Amino acid sequence: MKTPYFTVKDIIQITGVTKRALHYYDKTDLLKPSKVEDNGYRYYDQEALGKLQTILLFKEMNFSLKDIAAMMKLSKDVQKEILREHRSTIVQRKQRLETIIYQLDAYVDGTDIVHLNVFGDSPILSIQEQYDSEAKLVYGDTEKYQEFETNVNQLSEEEQQQAYQQFSVNMEKVFRKLAQHQNQSPASVEVQKYIREWKSCLETFMVCDAEILSCIAEVYVTDGRYAGYFAQFGDEDFLRFLYEAIMVFVKDGEPQNEKI
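The rules behind these values
Residues numbered from 1 in each chain as written. Predicted model: local features only at pLDDT ≥ 70, side-chain atom pairs only at ≥ 80, totals over all residues. Heavy atoms only, no water. Core = buried A, V, L, I, M, F, W, Y, C linked by side-chain atoms within 4.5 Å. Buried < 20%, exposed > 50% of the residue type's maximum accessible area, 1.4 Å probe, protein only. Helix = DSSP H or I, 4+ residues; strand = E, 2+ residues; numbered from the N terminus. Contact = heavy atoms within 4.5 Å. Arc of directions from axis to C-beta. Phe/Tyr/Trp six-rings, centres within 6.5 Å; stacked < 30°, edge-to-face > 60°. Lys NZ or Arg CZ within 6 Å of the ring centre and 35° of its normal. Pairing = 2+ DSSP bridges. Expected span 1.5 Å × (residues − 1). Polar contact = N/O pair within 3.5 Å; in protein donor to acceptor, adjacent residues only side chain to side chain.

One finds Phe 175, Leu 178 and Trp 198 to be the most contacted residues of the largest nonpolar core, which totals 30 residues. For this core, the secondary structure elements donating two or more residues are α8 (157-180), α9 (189-202), α10 (210-222), α11 (225-230) and α12 (238-252). Among the elements that take part in this core, α12 stands out by supplying 9 residues, more than any other. Sequence-distant contacts of Leu 178, that is, excluding residues within four places in its chain, are made with Val 191, Tyr 194, Ile 195, Phe 238, Phe 241 and Leu 242.

What follows is the structure, given as structure tokens:
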């Protein structure tokens, strides 16, 4: 009959664990050999093998060795309760990873960063909230921004979200129309008509004068974050075309009889 003890080599062959791991488990008292011969050879009995298999199972379930050491001192019932709680955590993490994968695919497919919802369960603010905070820091002392903030604050949180979403949809429609006329002069009647639509979208929240329109146009071409957003509408020259069209509008003023 074969000896009830397994050598280190036997344990490695049975489980696939490394010799280095076994030595570390011994050193940290996570799993001691069942006996050690005078020549230093380690031997493990079937109980130790079962304990090792449990350790490897918990490790595969993403528990730290420190947590595993604590769990190995507990009863099976308590271990199962911990595993149930751990399962709930893993499910939440799985859902979070599925969201990240979806958002990653959307970003790779061309969705602008402002429309992503990566930070939903994070203390990090959403991109839209970051943009809002940035705008407040930059323009907060201006009369126009204070007007915008007053108008927005009159809306409920749900109404604000709906307003931002509709604003985004309306803006994208205008930019797509402008991109279709990119081969025309920025000063053409057709292009200027869509610039007036763009201005009307902005005035959902505030009255826009020449100064604020010029400022927005400058931000479009100087802030690199907008390059990726506008790439979905036209070629690499679209931003410059849009800037020139806005500046023509600002310079010439809005014909009173062509207001939309």
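Within the fold, Gln 79 resides in helix α5 (residues 76-108). Look at Gln 79 and you get buried, because its relative accessible area is 7%. Aside from chain neighbours lying at most four places away, what touches Gln 79 is Phe 58, Met 71, Met 72 and Leu 74.

A turn of α-helix holds 3.6 residues, and therefore any two residues three or four places apart point the same way. Here helix α1 (residues 8-15) has its buried residues at Val 8, Asp 10 and Ile 11. Around the axis of α1, the buried residues are gathered within 160° of arc, so they sit on the same side. Among the exposed residues of α1, those oriented more than 90 degrees off its buried face are Lys 9 and Gln 13. Structurally, α1 contributes buried residues whose contacts are with β1 (6-7), α2 (19-27), β3 (42-44) and α3 (46-60). Positive phi shows up at Gly 16, right after α1, with a value of about 90°.

Moving on, we come to the packing of aromatic side chains. Aromatic ring pairs are reported here in terms of the distance separating the ring centres and the angle at which the planes meet. Per the counting criterion, the structure on display carries 10 aromatic pairs. Both rings, one in Phe 175 and one in Tyr 220, keep their centres 6.3 Å apart while their planes meet at 80°; by these two values the pair is edge-to-face. Of the two residues, Phe 175 sits in helix α8 while Tyr 220 sits in helix α10, which places them 45 residues apart along the sequence. Where Phe 238 meets Phe 241, the ring centres are 6.3 Å apart and the plane angle is 35°; that geometry is what we call tilted. A residue pair is termed a helical-turn pair when its members lie 3 or 4 positions apart in one helix, as Phe 238 and Phe 241 do in helix α12 at 3 residues. Side by side, Phe 238 and Phe 241 carry an identical accessibility label, which is buried. A network of ring pairs unites the aromatic residues Phe 175, Trp 198, Tyr 220, Phe 230, Phe 233, Phe 238 and Phe 241 as a single cluster. When the ring centre of Tyr 43 is taken as origin, the NZ or CZ atom of Lys 35, which lies over that ring, is 5.5 Å away.

Pairing between the strands of a sheet is mediated by backbone hydrogen bonds and can be parallel or antiparallel. If you trace the 3 strands from one edge of the open sheet to the other, you get β1-β3-β2, paired in antiparallel fashion. Strands with a single pairing partner mark the edges of an open sheet, and in this sheet they are β1 and β2 (35-36). As defined by bridge partners, β2 adjoins β3 across 2 bridges and the pair is classed as antiparallel. Within β3, the residue paired with Lys 35 across the bridge is Tyr 43.

The next point concerns α3. Taking 1.5 Å of rise per residue, 15 residues should cover 21 Å, and α3 covers 21 Å from first to last C-alpha, within 8% of that figure. Three or more residues of α3 are buried, namely Ala 48, Leu 49, Leu 52, Thr 54, Ile 55 and Phe 58. Buried positions along α3 lie against β1, α1, α2, β3, α4 (65-71) and α5. Taking the backbone nitrogen of Glu 47 as reference, a side-chain oxygen 3.2 Å away marks Asp 45 as the first, capping residue of α3. Where α3 ends, the next residue or the one after it, Asn 62, has phi of about 75°, a positive value.

Function-wise, these values are silent; they only describe arrangement.
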